[in-house]
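Understanding the architecture of this molecule
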Amino acid sequence: MPTNAVRSIRAEYEKQGIVTLKEFLDPRSLELVREDVRAAEVIALKDLVVNWGGKKVAFFTERRGEKGESSENFVLTPYFQSSRDRVHVFFEEIEGRLAVNRLGHGLHLHPGLPNMGKIVYGNERLNAALQDIGYRAPVCLLSVYIPKLPRGFGSEVVPHQESTFAHTQPLSACVLWIALEDATVENACMYGLPGSHKLPLKFVSKVDLEKKRRGYLQINDTDIPAFEPGAAPYVPLEVKAGDALLFHGNFVHCSPRNVSPRPRPALSFQFIETDKTEFSAFNWIKAVNSRKLYD
Ligand SMILES: O=C(O)CCC(=O)C(=O)O
C-alpha cells in the first residue's frame, strides 16, 4: 500500500468532514481484496445453507416503488446479531426478486479473509490518517461489502449519519469506504454534504434485544435535506477503484439506486474511539471487538 501518508489530512477533514485517500489500495492489494470478496461470498452462502437452513434475510423490501421494512425485524434476529464477527449475507427484495445487498459484519476478523484484515490491522496509512484526525485507541466496529448490483438492484441508501448506528458518548465514529471499481455518477457513486459533519446528530438507532424492539430516537432537530441525484446540496463523490473516502460519523451521505449496467462494489469499515468514550448499549452491535488498530 502506498505510504504517502506524510501529508496531513486534518485540515481538510475538519473543514469538509471527508477526505479522499487516493490509491488507498494499490493495484496488487486491490486484486487481493477482490479475491477475499469472492471468498467471503462463498463463506457466507455456504454458512447460510449449513447453519441457517438457507433462510434468506432481507435487509429491506421494495414493492411498487414503495420502500418498506422487511417482514420480520431483521436486526433482532440471531442471524443479524451473530454477524458481528462473522460473514453473513443479507439480501434486498425488489418486486419479489432477491439480490445480495451486503455481506458483513466481521470481514476484517475472519481468518479466511487475510486481505480484509490487512486493511484494518497493521495498515500504516490508515493508522497515520486516524492518528492525524485525533484517534487515540480506535477499534473497527464492523466491516461490510456492498456489491451495489446493476440494473435496478443495488437499491438506494437514504441520507444518514453513521453515528446513528455506531453511537458513543462522546460521539467518535468515522467511516473508511473503499471503491472496488470506479464509482461514478453513472453507476451510483456515493454522494455527500460537504461540511455536514458540523451538523448535530439527528437520530440514534435503538436496538433493544430484551424488549425485542428496534427504533430510532430523534435527539436533534437537524435538517437533513432530501436526496435528489444531480441536485444541490448533495455532491457526487466520484472515485477510482482503490481510492478510499474517510468521513466523519456526522457527515451526511447516501447513494442512489444503481440503474446502470455496471456494479459499483465497495467496502465500508466503521471505526470508533475506545479511549474515554462510552459505547451505547442500544447499538445493534452489543460487544466491541477489543483489538486496537495501533498501540
Ligand atoms: O456504499 C453505499 O452506497 C453506501 C455506504 C454507506 O452508507 C456507508 O458505508 O456508510
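Here goes a summary of the coordinates provided. Note that this is a predicted model, so its numbers are computed, not measured.

What counts and how
- Residues numbered from 1 in each chain as written.
- Predicted model: local features only at pLDDT ≥ 70, side-chain atom pairs only at ≥ 80, totals over all residues.
- Helix = DSSP H or I, 4+ residues; strand = E, 2+ residues; numbered from the N terminus.
- Rg over C-alpha atoms; globule rule 2.2 N^0.38 Å.
- Buried ≥ 20, exposed ≤ 12 C-beta atoms within 10 Å, placed from the backbone.
- Contact = placed C-beta atoms within 7 Å.
- Near = placed C-beta within 6 Å.
- Nonpolar A, V, L, I, M, F, W, Y, C, P; charged D, E, K, R; others polar.
- Core = buried A, V, L, I, M, F, W, Y, C linked by C-beta atoms within 7 Å.
- Arc of directions from axis to C-beta.
- Pairing = 2+ DSSP bridges.

1. Things to note about the overall build of the protein chain
Assigned secondary structure in the protein chain consists of five helices and 17 strands. Compactness check: the protein chain gives a C-alpha radius of gyration of 18 Å against a globular reference of 19 Å for 295 residues, within 12% of the reference. A principal-axis box enclosing the C-alpha atoms of the protein chain has dimensions of 50 × 45 × 40 Å. Scored against the burial criterion, the 295 residues of the protein chain give a buried share of 39%. Restricting the contact set of the protein chain to residue pairs at least 6 apart, pairs at least 24 apart contribute 80%.

2. Structural notes on the site of the ligand
In the vicinity of the ligand, the contacting residues are I146, K148, V157, E162, V175, W177, M190, H253, S255, A266 and S268. For the shell around the ligand, the secondary structure elements donating two or more residues are β9 (174-179), β15 (253-255) and β16 (266-273). Grouping the amino acids of the shell around the ligand by side-chain chemistry returns six nonpolar, three polar and two charged.

3. With respect to the nonpolar core
Here is a general trend for soluble globular proteins: nonpolar side chains tend to be buried in one another's company. One finds L176, I178, L245, L246 and F271 to be the most contacted residues of the largest nonpolar core, which totals 69 residues. Those residues in contact with I178, other than ones at most four positions away along the chain, are F24, L25, A244, A266 and L267.

4. Thoughts on the environment of N73
Inspection of the secondary structure assignment puts N73 in the loop between β3 (66-68) and α3 (78-81). Separated by 217 residues in sequence, N73 and S290 have C-alpha atoms that sit 28 Å apart.

5. Re helix α5 (residues 124-132)
Every buried residue belonging to α5 is among L126, A129 and L130, and all of these are buried. Along the long axis of α5, the arc covered by the buried residues comes to 95°, so they all point the same way. Considering only its buried residues, α5 is in contact with β1 (18-21), β6 (138-146), β9, β14 (244-248) and β16. Looking one or two residues past α5, G134 carries a phi angle of roughly 110°, positive in sign.

6. Remarks on the pairing of β16
Within a regular strand, side chains alternate between the sheet's two faces. Counting buried positions along β16 yields eight of eight residues, so the element is predominantly enclosed. Both faces of β16 are covered, namely the face carrying A266, S268, Q270 and I272 and the face carrying L267, F269, F271 and E273. Summarising the sheet, β6 and β16 pair through eight bridges and their orientation is antiparallel. Its bridge partner lying in β16, S143 is registered against F269. In this sheet, β16 lies alongside β9 in antiparallel orientation, the contact comprising six bridges. Bridged to I178 within β16 is L267.

7. Things to note about the pairing of strand β11 (residues 203-208)
Where β11 lies against strand β12 (residues 213-218), six bridges are found, and the strand directions are antiparallel. Pairing of V207 across the sheet is with R214, part of β12. The turn joining β11 and β12, which pair antiparallel and follow one another in sequence, is formed by four residues; a positive phi near 55° is taken by K212.

By themselves, these figures tell us nothing about what the structure is for.
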